[in-house]
Amino acid sequence: MTRVRTLAAFIIVIVAATAQASWYDDYDAGLAAARAGNWNTVVTKMTAAIKGNPTESNKARTYGAIFINYHPYYYRGVAYLNLGRYQQAVDDLERTSGPGPENLGMIGELMDRAKRQLAAASTPEPEPVRTEPVRPVVTQPVPAPVQPSVPQIDAALRQRAASALGTAKQRIQQAQQRRASSSPQYAQAMSIFTDATSRNANAKSNDDLNAVIALAGNASDLAELAMPPSAPTPGPSLTPTPSKPAIAADAVLDDYKRQLRRALENYFNGEFDDATRDFSALSKKLPDNGWIWAFLGASQYSQYAFEADESYRAAALKSFRNAKRLRSWKGGLPEKYFSKRIRRAFEREG
């Protein structure tokens, strides 16, 4: 009997959690309908989202450490306006604090339009007035004022930005599943992802969307590098006494080991400027080591991903070519050390 009650309680908790989490799914569906102009669906989905979470926020928490730009009243108000339900549009536009990820117009302009339509619908048409014909006055046409051009946003580019953010979100969730949320790479990925989401919501040009795509790619790479804490080191074991050549080799390479460890720590902690400096110094001391050149190229390519400076990319490709010249990489760079973007650059461009 106790086991049955425990199972029933567990099912209730799961159902409650699912119901609680469904509001942001409705919000995502409403956004997709808004992009397609399906206004009845927008009203339905945003109303469902509001029932689950009536509070708008630029950083509404969904689950875990995932936040979204949440403004359901804005989209429902725009939908009411397009459906001719002007009073409901005015009510929602007065409640909202701003647009969400899709900017469908300034709140003030949308509000004025709704109020004008509402006033026109409630004002009776005036009685026709008889007037004497008036001789037309010939005037010179006045040229219309030149309106400043408004930058157009490419719809395909906006879709690419949304896809890049979706990929980054998936990578972050995968890092959470492998219990890597305490790693510095995960923290950096979350910070960059939050910045990219905010920039996407306020994007006014194609340049803004390109910046969002670059940031989302960086967040994906860092999340992919995030790993859980390492297992505790096992206790001492009996090992054979090293030979004199081995001891001498360790003494000779001791300085290189310390430098290499520092370089690798900087790389895996996302300190790519410091990692590039350290691996560059090591490449001068160990010029025939393919691993050194591979990690140097990965550090330089990561700098290129953050800074979008072609000089970093050119330096990375040169390092990758040195790595291939010195070593045969069966299957490419190891997945556990290098992100998918780095491995792809190594194979295609190195």
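Residues numbered from 1 in each chain as written. Predicted model: local features only at pLDDT ≥ 70, side-chain atom pairs only at ≥ 80, totals over all residues. Heavy atoms only, no water.

1. Concerning the side chain of Gln303
Stated formally: Every helix listed is a DSSP run of H or I at least four residues long, and every strand listed is a run of E at least two residues long, numbered separately from the N terminus. Contact definition: two residues touch when any of their heavy atoms are within 4.5 Å.
Residue placement: Gln303 occurs in helix H11 (residues 290–307). Discounting chain neighbours no more than four positions away, the residues touching Gln303 are Phe272, Asp273, Thr276, Ala308 and Tyr312.

2. Quick word on the packing of aromatic side chains
Test applied: Aromatic pairs are defined between Phe, Tyr and Trp rings, using the six-membered ring for Trp, whenever the two ring centres lie within 6.5 Å; interplanar angles under 30 degrees are classed as stacked, those over 60 as edge-to-face, and all others as tilted. Residue burial is assigned from relative accessible area. The probe radius is 1.4 Å, only protein chains are included, and a residue is buried under 20% of its type maximum, exposed over 50%, and partly exposed in between. Sitting over a ring, as applied to charges here, requires NZ of Lys or CZ of Arg to be within 6 Å of the ring centre and within 35 degrees of the ring normal.
Within this structure, the stated rule accounts for 20 aromatic pairs. Taking 4.8 Å as the distance between ring centres and 65° as the angle between the ring planes, the aromatic pair formed by Tyr27 and Tyr70 counts as edge-to-face. Of the two residues, Tyr27 is situated in helix H1 (residues 2–36) and Tyr70 in strand E2 (residues 67–70); the sequence distance between them amounts to 43 residues. Overall, the relative accessible area of 1% leaves Tyr27 in the buried class. Judged by its relative accessible area of 0%, Tyr70 falls in the buried class. With a centroid separation of 5.0 Å and an interplanar angle of 85°, the aromatic rings of Tyr74 and Tyr75 are classed as edge-to-face. This pair shows no difference in class: Tyr74 is buried, exactly as Tyr75 is. Each residue in the set Tyr267, Phe268, Phe272, Phe279, Trp291, Phe295, Phe320, Trp329, Tyr337, Phe338 and Phe346 is aromatic and connected to the rest through ring pairs, giving one cluster. Geometry around Phe346 places Lys324 over its ring, the cationic atom sitting 4.9 Å from the centre.

3. Description of helix H13 (residues 340–348)
For the record, the criterion: Note that the arc is computed from the directions linking the helix axis to the C-beta atoms.
By the burial criterion, the buried members of H13 are Ile342, Arg343, Ala345 and Phe346. Along the axis of H13, the buried residues cluster in a sector spanning 160°; they form a single face. The secondary structure elements touched by the buried residues of H13 are H11 and helix H12 (310–326).

4. So, the pattern of salt bridges
Note the following rule: The working definition used for a salt bridge is a side-chain nitrogen of Lys or Arg within 4 Å of a carboxyl oxygen of Asp or Glu.
In the structure shown here, the tally under the stated rule is ten salt bridges. Close ionic contact of Arg199 with Asp195 constitutes a salt bridge, the shortest N to O distance being 3.4 Å. Pair noted here: Arg199 and Asp195 are both in helix H7 (residues 184–201), with a separation of four residues, about one helical turn. For Arg199, a relative accessible area of 41% puts it in the partly exposed group.

5. Things to note about the nonpolar core
Where we set the bar: By nonpolar core we mean a set of buried residues, namely Ala, Val, Leu, Ile, Met, Phe, Trp, Tyr and Cys, connected to one another through side-chain atoms within 4.5 Å.
Ranked by internal contacts, the top residues of the largest apolar core, which has 49 residues, are Tyr267, Phe279 and Phe338. Elements with a contribution of two residues or more to this core: helix H6 (155–177), H7, helix H8 (206–225), helix H9 (244–268), helix H10 (272–285), H11, H12 and H13. Leave out the neighbours within four places in its chain, and Phe338 touches Tyr267, Trp291, Ala294, Phe295, Ala298, Leu333 and Arg343. Met46, Tyr86, Ala89 and Ala114 belong to the second-largest nonpolar core, a separate cluster that totals 27 residues.

6. Here we look at the packing of helix H4 (residues 86–95) against helix H5 (residues 107–122)
What counts, and what does not: Each axis is a line fitted through C-alpha atoms, and for a helix only the stretch in contact is used; angles between axes span 0 to 180 degrees, taken between their N-to-C directions. Working definition: roughly parallel below 35 degrees, roughly antiparallel above 145 degrees, roughly perpendicular at 65 to 115 degrees, and oblique for all remaining angles. Crossings are assigned a handedness: left-handed for a near helix turned anticlockwise from the far helix by less than a right angle, right-handed for a clockwise turn. Polar here means any residue other than Ala, Val, Leu, Ile, Met, Phe, Trp, Tyr, Cys and Pro, which are nonpolar, and Asp, Glu, Lys and Arg, which are charged; Gly is therefore polar.
One way to put it is that H4 packs onto H5 with a least axis distance of 9 Å and a crossing angle of 155°. Compared by their axis directions, H4 and H5 come out roughly antiparallel. Once H4 is placed against H5, the crossing between them reads as left-handed. Seen from H4, the contacting residues are Tyr86, Gln87, Ala89, Val90, Leu93 and Glu94; seen from H5, they are Ile107, Leu110, Met111, Ala114, Lys115, Gln117 and Leu118. Looking at the contact of H4 with H5 residue by residue, the class counts come to nine nonpolar, two polar and two charged.

7. Quick notes on a negative patch on the surface
Rule in force here: Patch membership requires over 30% relative accessible area and the absence of a salt bridge. Like charges are linked within 9 Å, and nonpolar side chains (Val, Leu, Ile, Met, Phe, Trp, Tyr) within 5 Å. To measure how exposed things are, a 1.4 Å probe is used in the Shrake-Rupley method; for residues, cover is taken only from the protein chains shown. Positive: Lys, Arg. Negative: Asp, Glu. His and the chain ends are not part of the count. A single reference atom marks each charge: NZ on Lys, CZ on Arg, CG on Asp, CD on Glu.
Taken together, the side chains of Glu271, Asp273, Glu307 and Asp309 define an acidic patch exposed on the protein surface. Tracing the backbone through its elements, the reader meets Glu271 in the loop between H9 and H10.

8. Quick notes on unusual backbone geometry
Located in the positive-phi region is Arg179, a residue other than glycine, with phi close to 60°. As for its placement among the helices and strands, Arg179 is situated in the loop between H6 and H7.

9. Observations regarding the packing of helix H2 (residues 39–52) against helix H3 (residues 72–82)
Running from amino to carboxyl end, H2 crosses H3 at an angle of 150°, the nearest separation of the two axes being 9 Å. On the basis of their axis angle, the class for H2 and H3 is roughly antiparallel. H2 and H3 meet at a crossing whose hand is left-handed. Contacts from Trp39, Val42, Val43, Met46, Thr47 and Ile50 in H2 reach Pro72, Tyr73, Tyr75, Arg76, Val78, Ala79, Tyr80 and Asn82 in H3. Across the contact of H2 with H3, the residue classes tally to eleven nonpolar, two polar and one charged.

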